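Analysis of the macromolecular model
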Amino acid sequence: MPRRDRLLAVLTAVLWGCNFLAIHAMLTHFPPLLAGAIRFLLVAVPTILLVPWPKVKLRWLVGYGLGFGTLQFAFLFVGLDTGMPTGLASLVLQASAPFTVVLGALLLSERLSTRQVVGITFAVLGMAAIAWQRAEHAALLPVILTLLGALSWAGGNLCARRAEAPNPLHFTLWSSVVPPIPMFALSLVFEGPDTQWQALSTVFTPDAWLALSGLAYVVVFGTVVGAGIWTTLMRRNPASTVAPFSLLVPVVGLSLAFVVLDERPTPVEIVASVVVVGGVLLGSLSRRPRRTRIQTETGASTGSDRGDTRPARMSSA
């Protein structure tokens, strides 16, 4: 994975770590499912009017929109609204990384190096230690809902990988057209029209400014910028190489929750977070294929350089 792509992956992790504080602010005013519908609607309308079609198969666009958009955020928002601590949510949601690796190996036949397996194992163990420590203070249902959101994100990752969108940003923006209607329908069923109207009719009152600020951050940085970069990385690199960087998100999320929301990590959580970071770094490093001196001097190409063009493109800048 090129250094530039690693830096972009780290930047996305920081943006998404901050995203959890923005979601926390947004849910102070909006019910969770309605919040998700509004979040994607604000992206979908200008996308339909201004952004060209991403030139991908419709099934992969819908699959990504449902997985990454509708299901992930429906489960996450409801989990947060029912008592999931913000810092813990930022951690548990990153179970999408091992979910993606496993699904990529099973469904896309992606090969894992020993180094990647070891790195993912350490990262997952660190994440599990934090989850075990924090789960003592959280109800079981919110944790399960957040895990389902992580599994949905993993499914969306694979759809993005299979789509191979020529313009990942256009693909990401158009995927936002999928979630608003199903999320609004879910809100109508589970939250009710009275709750929806109460939130919308008071949206411009002074008490709602914090929620609107959070909504603006989630739309611009969490959706357009963050998901656009992530989709680009998933197109250029194997899913098993990109996915581990999502495990950096809980480190940012837990740190911000400590500073802003006074959610104090225990010593076990601090040590486990270090293990997570180490595992991500180890899992993201892949060895370059060695070339013999004869190949270097003659310029001969191996099968991986010539015949298997698709993986070669993925591993290059």
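Given the structure is predicted, the values throughout are model-derived calculations rather than measurements.

Quick look at the overall build of the chain
A count of helical and extended segments in the chain gives 17 helices and zero strands. Expressed as a percentage of the 317 residues in the chain, the buried residues total 51%. Here the chain displays about 15300 Å² of accessible surface, and carbon together with sulfur accounts for 68% of that area.

Here's the deal with the pattern of salt bridges
Note that side chains of opposite charge can pair when their charged atoms are close. Applying the stated criterion to the full structure yields two salt bridges. Where Asp5 meets Arg4, a salt bridge forms, and the shortest distance between an N and an O atom there is 3.8 Å. Judged by its relative accessible area of 0%, Asp5 falls in the buried class. With a relative accessible area of 46%, Arg4 lands in the partly exposed category. For Arg236, the salt bridge identified is with Asp5, shortest N-O distance 2.4 Å.

Observations concerning the packing of aromatic side chains
Enumeration according to the criterion identifies 12 aromatic pairs in this entry. A centroid spacing of 5.8 Å and a plane angle of 65° characterise the contact between Phe40 and Phe73, whose relative ring orientation is edge-to-face. With Phe40 in helix 2 (residues 32–50) and Phe73 in helix 3 (residues 58–81), this residue pair connects regions lying 33 residues apart in the sequence. On the accessibility criterion, Phe40 (2% relative accessible area) is buried. For the ring pair Phe73 and Phe77, a centre distance of 5.8 Å and an interplane angle of 75° mean the geometry is edge-to-face. Remark: Phe77 and Phe73 occur in helix 3; sequence separation between them is four residues, near one turn of the helix. For the pair shown, Phe73 and Phe77 are each scored as buried. Every member of this aromatic cluster is reached through a ring pair, and the members are Trp16, Phe40, Tyr64, Phe68, Phe73, Phe77, Trp153, Phe171 and Trp230. The cationic tip of Arg39 hangs over the ring face of Phe40; the distance from NZ or CZ to the ring centre is 4.5 Å.

Let's talk about helix 8 (residues 168–175)
Within helix 8, seven of the eight residues are buried, which leaves it mostly tucked inside the rest of the structure. Taken together, the buried positions of helix 8 are occupied by Pro168, His170, Phe171, Thr172, Leu173, Trp174 and Ser175. Taken together, the buried residues of helix 8 touch helix 2, helix 3, helix 7 (140–163) and helix 11 (209–236). At the N-terminal end of helix 8, a side-chain oxygen is found 3.2 Å from the backbone nitrogen of Leu169, two or three residues along, and the residue is Asn167.

Brief notes about unusual backbone geometry
Of note, Lys55 is a non-glycine position whose phi angle comes to about 60°, a positive value. One can find Lys55 in the loop between helix 2 and helix 3. With a relative accessible area of 69%, Lys55 lands in the exposed category. Positive phi is not limited to glycine here, since Glu164 has a value of about 50°. Accessibility expressed as a relative area gives 37% for Glu164, which makes it partly exposed.

Some remarks on a nonpolar patch on the surface
The grouping of Leu41, Val45, Ile48, Leu49 and Leu50 at the surface amounts to a nonpolar patch, some 530 Å² of accessible area in total. One can find Leu41 in helix 2. Residue class for Leu41 comes out partly exposed when judged on its relative accessible area of 44%.

As for helix 7
Taking 1.5 Å of rise per residue, 24 residues should cover 34 Å, and helix 7 covers 35 Å from first to last C-alpha, within 8% of that figure. Within two residues after helix 7, Glu164 carries a phi angle of roughly 50°, on the positive side.

Describing the confidence of the model for the chain
A low pLDDT score tells you not to read the predicted coordinates there in detail. In this model, the chain carries a mean pLDDT of 81, and residues with pLDDT of at least 70 account for 87%. Across residues 289–317, where pLDDT falls below 50, the model places 23 contacts with residues more than four positions away in sequence or in other chains.

A word on the side chain of Thr47
Structurally, the position occupied by Thr47 is in helix 2. Note on Thr47: relative accessible area 2%, which makes it buried. Not counting the four nearest positions on each side in its chain, Thr47 is found in contact with Leu173, Trp174 and Val177.

Concerning the packing of helix 1 (residues 3–26) against helix 13 (residues 249–260)
Running from N to C, helix 1 and helix 13 cross one another at 40°; their axes reach a closest spacing of 8 Å. Taken as axis vectors, helix 1 and helix 13 run oblique relative to one another. Note on packing geometry: the crossing formed by helix 1 with helix 13 is right-handed. Contact residues: Ala13, Val14, Trp16, Gly17, Cys18, Phe20 and Leu21 in helix 1; Val249, Val252, Gly253, Leu256 and Val260 in helix 13. Partitioning the contact of helix 1 with helix 13 into residue classes produces 10 nonpolar, two polar and no charged.

Calculation criteria
Along every chain, residues carry numbers that run from 1 in the direction the sequence is written. pLDDT decides what is reported in this predicted model: residues at 70 or higher carry local features, side-chain atom pairs at 80 or more are listed and counted, and totals for whole chains, interfaces and linings draw on all residues regardless. Each side-chain value is worked out from all heavy atoms of the structure, with water and hydrogens disregarded. Secondary structure elements follow DSSP: runs of H or I no shorter than four residues count as helices, runs of E no shorter than two count as strands, and numbering proceeds from the N terminus. For each residue, the accessible area found with a 1.4 Å probe, counting protein chains only, is set against the maximum for its type, and the residue is called buried under 20%, exposed over 50%, and partly exposed in between. Areas reported as accessible are Shrake-Rupley estimates using a 1.4 Å probe. Residue values count occlusion only from the protein chains shown. By salt bridge we mean one thing: a side-chain nitrogen of Lys or Arg within 4 Å of a carboxyl oxygen of Asp or Glu. Two aromatic rings from Phe, Tyr or Trp, using only the six-membered ring of Trp, form a pair when their centres are within 6.5 Å; if the ring planes differ by under 30 degrees the pair is stacked, by over 60 it is edge-to-face, and anything between is tilted. We call a charge positioned above a ring when the Lys NZ or Arg CZ atom is no farther than 6 Å from the ring centre and deviates by at most 35 degrees from the ring normal. Two residues qualify as a contact provided that any one of their heavy atoms is within 4.5 Å of a heavy atom in the partner residue. As used in this structure description, the phrase polar contact means that two N or O atoms lie within 3.5 Å; if the pair is within protein, one of them must be able to donate a hydrogen and the other to accept it, and residues adjacent in sequence are counted only when both atoms belong to side chains. Exposure above 30% relative accessible area and the absence of a salt bridge qualify a residue for a patch, where like charges join within 9 Å and nonpolar side chains (Val, Leu, Ile, Met, Phe, Trp, Tyr) within 5 Å. To estimate the expected span of a helix, count its residues, drop one, and scale the result by 1.5 Å. For every residue, the predictor assigns a confidence score, pLDDT, that lies between 0 and 100. Axis definition: a line fitted to C-alpha atoms, limited for helices to the stretch in contact. Angles are taken between N-to-C directions and run from 0 to 180 degrees. Roughly parallel means an angle under 35 degrees; roughly antiparallel means over 145; roughly perpendicular covers 65 to 115; every other angle is labelled oblique. Crossings are sorted by hand: turned counterclockwise from the far helix by less than a right angle, the near helix makes the crossing left-handed, and turned clockwise it makes it right-handed. All residues other than Ala, Val, Leu, Ile, Met, Phe, Trp, Tyr, Cys, Pro, Asp, Glu, Lys and Arg, Gly among them, are scored as polar; the first ten of these are nonpolar and the last four charged.

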